[in-house]
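Commentary on secondary and tertiary structure
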Amino acid sequence: MRLDSEDRRFRFFEEPEEFLMALHAGAAVADGRIVVGCESEGQIRGVGELLADAQDPRRGELAFSVERDWRRRGLGRALMQAMIDAARDKSFRCLELEILPDNLAMQNLARRFTSDLQRRNGNVIATIGACVTKSRV
Ligand SMILES: CC(C)(COP(=O)(O)OP(=O)(O)OC[C@H]1O[C@@H](n2cnc3c(N)ncnc32)[C@H](O)[C@@H]1OP(=O)(O)O)[C@@H](O)C(=O)NCCC(=O)NCCS
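**A word on the site of the ligand**
In the vicinity of the ligand there are 19 residues, among which Phe 64, Val 66, Gly 76, Arg 77 and Asn 103 approach most closely. Contacts to the ligand include Val 66, whose backbone N or O atom sits 2.7 Å from an oxygen atom. Coverage of the ligand by the protein amounts to 83% of the 930 Å² it exposes when considered alone. Taking a 2 Å distance to the grid points as the criterion, the majority of the atoms of the ligand fall inside the largest pocket. Those elements giving two or more residues to the shell around the ligand turn out to be α1 (5–12), β3 (59–66), α3 (75–89) and α4 (104–111). Grouping the amino acids of the shell around the ligand by side-chain chemistry returns 7 nonpolar, 5 polar and 7 charged.

**Remarks on the layout of surface pockets**
Size it by volume and the largest pocket reaches roughly 990 Å³. Looking at the lining of the largest pocket, the elements with two or more residues in it are α1, β2 (43–52), β3, α3, β4 (94–99) and α4. The element best represented in the lining of the largest pocket is β3, accounting for 6 residues. Within the lining of the largest pocket, the residues separate by chemical class into 17 nonpolar, 6 polar and 13 charged. Taken as a whole, the second largest pocket holds about 530 Å³ of empty space.

Cut-off values and rules
Residues numbered from 1 in each chain as written. Predicted model: local features only at pLDDT ≥ 70, side-chain atom pairs only at ≥ 80, totals over all residues. Heavy atoms only, no water. Near = heavy atom within 4 Å. Polar contact = N/O pair within 3.5 Å; in protein donor to acceptor, adjacent residues only side chain to side chain. Areas by Shrake-Rupley, 256 points an atom, 1.4 Å probe, with all protein chains shown as cover. 1 Å grid on protein atoms, 1.4 Å probe; cavity = no way out; pocket = protein on both sides within 12 Å on 5 of 7 lines; lining within 4 Å. Sits in = over half its atoms within 2 Å of the grid points. Helix = DSSP H or I, 4+ residues; strand = E, 2+ residues; numbered from the N terminus. Nonpolar A, V, L, I, M, F, W, Y, C, P; charged D, E, K, R; others polar. Points joined across faces, edges and corners; volume = space filled by probe spheres on them.

Written out as structure tokens, the structure reads:
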């Protein structure tokens, strides 16, 4: 809820209404997906989640957010590494991040983990691991 308007667009590709964000957060901690948070003094300052593909449970999509005042301290990178490690433990073989073309921070962060960044449907897809091409253009 502390994400600002631009952050919400980068994270959700639109600016969802507050109640939808609350529903999203509730589902994220309740439906069995992998969620990793960075906590400081009782407050969550960054969070990452891994959602398994409904058709292929060994394929997953990663998404992250770090609060603005907590950025550029390595939290994003630590979250990404923790999510990759957790995915490996759960036998995921392919992870993807879908990133808006103007979200250079996330593209740069993704490049720390993979050189496979490609355009698909106007967005940037960063791929980690052995992904069989789905509908890449
Ligand atoms: C993308 C995001 C998660 C990065 O979090 P962070 O904690 O600042 O990331 P880190 O401090 O670990 O940075 C790791 C690397 O990412 C890149 N990076 C991070 N922020 C950047 C920025 N503003 N501009 C350019 N590169 C950036 C850099 O390569 C950085 O390494 P460096 O600090 O050694 O140069 C954060 O900016 C964010 O929450 N953005 C809004 C939500 C969002 O875009 N989510 C992604 C949806 S897929």
